[in-house]
Amino acid sequence: MGGIVVKPRARILHGHDWVFSGEVLKVFGTPADGDVISLKDGKDRLLGSAIYNSKSQIVARRFSRRKQDLDLDFFQRRIAQAVEYRARRGIDSRLCRVVWSESDGLPGVIADRYGAHVVLQTLTLAMDMRKKLVVDALRNALARIDSIVERNDAPVRRAEGMEPQVGVLFGEPPGEIEIEVAGLRLATDLMSAQKTGFYLDQLTNYEIVAGHAKGRRVLDCFTSQGAFALACAKAGAAQVTGVEASADSLANARRNAERNGLNVEWIEQDVFAFLRAAEKNGAEHDLIILDPPSFTKTKGGLRDALRGYRELHVRAFKLLSKDGMLATFSCSHHVTETIFEQTIADALVDARRSARHLRRFEQALDHPVLPTLPETEYFKGVLLEMMPGR
């Protein structure tokens, strides 16, 4: 087995599971991209087994601290452990993230379950090459699965030298399916909807936010398929507006409103443009929800992302009533919780508003975070209440 000797200060020596290209002291043997390799320190001590890709900035990703091959038995054990963890945490096994990459010991593998259907992403070359084994292991671990869909259209695959792919790996194309979220019946197309079909990382938050909506004028920005807007309408909001730039997502949101017999005003427009116009027109809302897509996938894009977040929050604060509430989220890993909350504080100063912090939102338990691998944490959010007379 070929492998890598890491430099003395490599992060993997301090608990991290990745080896970056600048941390390689030397490569031994002749490993091919996608191979399983050994990781060693400068004293020839084994650090574990990893998947290798010379084309990636992350040259190696450790998946075991001992010698281990990526065979069917390995995938079955890791997926069984992931399923058992979620069962122990009381997570709905029919609607959840079954496998969350490194957090479940399977770097680059994401598997989301929607009832009888599973959506799979293999975002690292080694795992993509072993897709069939992953599919077989999922079928063995999960009961009553009718189809496994491949949604390998995430841009991050290009960093591993792979092209986008979408298709069916097992069963028949599922077409549009219905899921139940926060007491709502929502339709989604697993082959084309955003992410893997739905924002599963928000599942627990729809009802929490909607719990503050009764009698309020609600504005849901980046509404996507309309889950927050519809949950608020169901909870008795006086008025609900959902804003979304994607025509396809908004069409789905409209169908979901009809499916649930709920009344929401849907506006197809860029959110920033909508907020600027709303401020100019003197509009006012009692509850605003900001749930944008990631503003940056790279550390280099952080400065521009923070400018976007700051403007977004300034405009939202200016539209809130004297005791209005803001539920705001970020799914950008590089925007840490500390940076996110500082950006919100800066926006409050710019908007000349004051607010109380009511609660934090975190990743759901089916998206576990590893303390030694910060990259497994990407989701954060806060709920704020404006302070009148300040």
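Residues numbered from 1 in each chain as written. Predicted model: local features only at pLDDT ≥ 70, side-chain atom pairs only at ≥ 80, totals over all residues. Heavy atoms only, no water.

Q: Just to check I follow, could you spell out the layout of surface pockets for this structure?
A: Over the atoms, a rolling probe the size of a water molecule traces out where space has been left empty. Considering only enclosed or pocket space, the second largest pocket measures out at about 290 Å³ in volume. Along the wall of the second largest pocket there are 15 residues; nearest its centre are Ile 91, Asp 92, Leu 95, Leu 203 and Thr 204. Broken down by class, the residue content of the lining of the second largest pocket amounts to eight nonpolar, two polar and five charged. (1 Å grid on protein atoms, 1.4 Å probe; cavity = no way out; pocket = protein on both sides within 12 Å on 5 of 7 lines; lining within 4 Å. Points joined across faces, edges and corners; volume = space filled by probe spheres on them. Nonpolar A, V, L, I, M, F, W, Y, C, P; charged D, E, K, R; others polar.)

Q: Help me out: how do you make sense of unusual backbone geometry in this one?
A: Phi is mostly negative for residues that are not glycine, and the peptide bonds are mostly trans. Even without being a glycine, Ser 101 presents a positive backbone phi close to 50°. Counting through the fold element by element, Ser 101 comes out in the loop between strand S7 (95-100) and strand S8 (109-114). You can call Ser 101 buried: its relative accessible area is 9%. A positive phi angle, near 55°, is found at Ser 224, a position not held by glycine. (Helix = DSSP H or I, 4+ residues; strand = E, 2+ residues; numbered from the N terminus. Buried < 20%, exposed > 50% of the residue type's maximum accessible area, 1.4 Å probe, protein only.)

Q: What's the story with the sheet that holds strand S2 (residues 18-20) in this structure? I'm lost.
A: Within a sheet, adjacent strands bond to each other through the backbone by hydrogen bonds, running parallel or antiparallel. Read across the sheet, six strands follow the order S2-S6-S5-S4-S1-S3 without closing on themselves; strand pairing throughout is mixed. In this open sheet, the two edge strands, each paired with only one partner strand, are S2 and strand S3 (24-28). Across the sheet, the axes of successive neighbouring strands diverge by a mean angle of 30°, strand direction being ignored. Here four bridges tie strand S5 (residues 46-52) to strand S6 (residues 58-64), and the two strands are oriented antiparallel to one another. Among the inter-strand pairings, Ala 50 is bridged to a residue of S6, identified as Arg 62. (Pairing = 2+ DSSP bridges. Axes fitted to C-alpha atoms, helices over the stretch in contact; angles between N-to-C directions.)

Q: In this structure, what is going on with helix H6 (residues 247-260)? I would like to understand it.
A: Taking 1.5 Å as the rise per residue, H6 with 14 residues should run 20 Å; its terminal C-alpha atoms sit 20 Å apart, in good agreement. Of the positions making up H6, those classed as buried are Ser 249, Leu 250, Asn 252, Ala 253, Asn 256 and Ala 257. Along the axis of H6, the buried residues cluster in a sector spanning 155°; they form a single face. Within H6, the exposed residues directed more than 90 degrees away from the buried face are Asp 248 and Glu 258. On its buried face, H6 sits against strand S12 (176-181), strand S13 (184-189), helix H5 (227-234), strand S15 (239-244) and strand S16 (265-268). (Expected span 1.5 Å × (residues − 1). Arc of directions from axis to C-beta. Contact = heavy atoms within 4.5 Å.)

Q: Which parts of the structure should I look at to understand the packing of helix H1 (residues 72-88) against helix H3 (residues 131-141)?
A: Each pair of packed helices can be summarised by the angle the axes make with each other and by the distance between the axes. Following both chains from N to C, one finds H1 and H3 inclined at 45°, their axes separated by 9 Å at the closest point. In terms of axis orientation, H1 runs oblique to H3. Considering only the axes of H1 and H3, their crossing is right-handed. Across from Leu 72, Phe 75, Gln 76 and Ile 79 in H1, the residues of H3 making contact are Leu 133, Val 134, Asp 136, Ala 137, Leu 138, Asn 140 and Ala 141. (Parallel < 35°, antiparallel > 145°, perpendicular 65-115°, else oblique. Left-handed = near helix turned anticlockwise from the far one by under 90°.)

Q: Before we go on, may I ask you to explain empty space enclosed by the protein in this structure?
A: The full count for this structure, using the stated rule, is one cavity of 30 Å³ or more. Space inside the largest cavity adds up to approximately 40 Å³. Every residue along the wall of the largest cavity is listed here: Gly 34, Ile 51, Tyr 52, Asn 53, Ile 58, Val 59, Arg 61, Thr 124, Leu 125, Ala 126 and Glu 160. Of all elements in the fold, only S5, S6 and helix H2 (125-129) reach the threshold of two or more residues within the lining of the largest cavity. If you tally residues by element for the lining of the largest cavity, the top one is S6, at three residues. Of the residues assigned to the lining of the largest cavity, the class counts are six nonpolar, three polar and two charged.

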